[in-house]
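Close look at the chain arrangement
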Amino acid sequence: MKIIRITDPSSRQMTDLDFHPDSALLLPGRPMFYPDFAGDWHARLYMAVHINRLGKSISDKFASRYYDGAAPAIRIEPVAGGTMTPGVLSGMDSGFTHGAWIAVDELAAMHRLVINGNVIEVDMPDVNTVNRAVAWVSQYTTLRMGDIILLPLDVPPVALAPHTYFTVDSDADRRLMEVKIV
């Protein structure tokens, strides 16, 4: 399993893909340990797409056959960038987690999320954007069952604090994600 983060979906260059090992994934329901190095941390919000079958050089037309769900996801990063190199940050254990998997079109239809009690307007990637992303990533690497593709969301990062909860809810009061920060 690998985690593939798209850093700039508009350019579609291989350099805009960041690969994370499976150890970077914090399993849902487990607490996230607030890092005690690099100062303050914040969370960047993503749409995670779960790959459900083996594929390489997938066409946009057939990409929807290769995933079975999406979820809100966060990746923690130092606020000021700190002294960490991007490679170290990409490989950091438990630096990424996601919520419950739901249908891609259901998550894409949400235009408002409630993050830690604050309502945030968000443009979720639609199904066509997800299909293009899956096809694009598959040009550079073989997608396998269990792989996760992270699509960035255009929302400001959210501050993290130890001994709190990080929550993402839909505007219909549905809990999509909850992470305890210790």
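In the block above lies the structure referred to throughout.
A few points on the structure. (Residues numbered from 1 in each chain as written. Predicted model: local features only at pLDDT ≥ 70, side-chain atom pairs only at ≥ 80, totals over all residues. Heavy atoms only, no water.)

The next subject is the layout of surface pockets. The space that makes up the largest pocket amounts to roughly 160 Å³. Mapped onto the lining of the largest pocket, the elements with two or more residues apiece are helix H3 (127–138) and strand S9 (148–152). The element that contributes the greatest number of residues to the lining of the largest pocket is H3, accounting for 4 residues. Counted by class, the lining of the largest pocket contains 7 nonpolar, 1 polar and 2 charged residues. (1 Å grid on protein atoms, 1.4 Å probe; cavity = no way out; pocket = protein on both sides within 12 Å on 5 of 7 lines; lining within 4 Å. Points joined across faces, edges and corners; volume = space filled by probe spheres on them. Helix = DSSP H or I, 4+ residues; strand = E, 2+ residues; numbered from the N terminus. Nonpolar A, V, L, I, M, F, W, Y, C, P; charged D, E, K, R; others polar.)

Another aspect to go through is H3. Within an α-helix, residues lying three or four positions from one another point in the same direction, as the helix has 3.6 residues per turn. With 12 residues, H3 should reach 16 Å at 1.5 Å per residue; the first-to-last C-alpha distance of 16 Å fits that figure. Among the residues making up H3, those that are buried are Val-130, Asn-131, Ala-133, Val-134, Ala-135, Trp-136, Val-137 and Ser-138. The inward-facing, buried residues of H3 abut strand S1 (3–6), strand S2 (17–20), strand S4 (41–51), strand S5 (67–78), helix H2 (104–108) and S9. (Expected span 1.5 Å × (residues − 1). Buried < 20%, exposed > 50% of the residue type's maximum accessible area, 1.4 Å probe, protein only. Contact = heavy atoms within 4.5 Å.)

This part is about the sheet that holds strand S8 (residues 118–121). Read across the sheet, 4 strands follow the order S8-S7-S11-S12 without closing on themselves; strand pairing throughout is antiparallel. Each having just a single partner strand, S8 and strand S12 (175–181) make up the two edges of the open sheet. Neighbour to neighbour, the strand axes of the sheet diverge by 20° on average, direction disregarded. As paired strands, strand S7 (residues 112–115) and strand S11 (residues 164–170) are joined by 3 bridges and run antiparallel to one another. From the neighbouring strand, Val-114 faces S11, where its bridge partner is Asp-169. (Pairing = 2+ DSSP bridges. Axes fitted to C-alpha atoms, helices over the stretch in contact; angles between N-to-C directions.)

Before going further, it helps to examine the pairing of S11. Within S11, 5 of the 7 residues are buried, which leaves it mostly tucked inside the rest of the structure. Taken together, the 6 bridges between S11 and S12 define a ladder with antiparallel strand orientation. Residue Phe-166 lies in a different strand from S12, and its bridge partner there is Val-179. Here S11 hands over to S12 after 4 residues, with Asp-173 in that stretch at a positive phi of 60°.

Turning our attention to unusual backbone geometry. Here the phi dihedral of Ser-57 falls at roughly 50°; this positive angle occurs in a residue that is not glycine. With respect to the element layout, Ser-57 can be found in the loop between S4 and S5. Its identity as a non-glycine residue notwithstanding, Ser-94 has a phi of 55°, on the positive side. Relative to the helices and strands, Ser-94 is located in the loop between helix H1 (86–90) and strand S6 (96–98).

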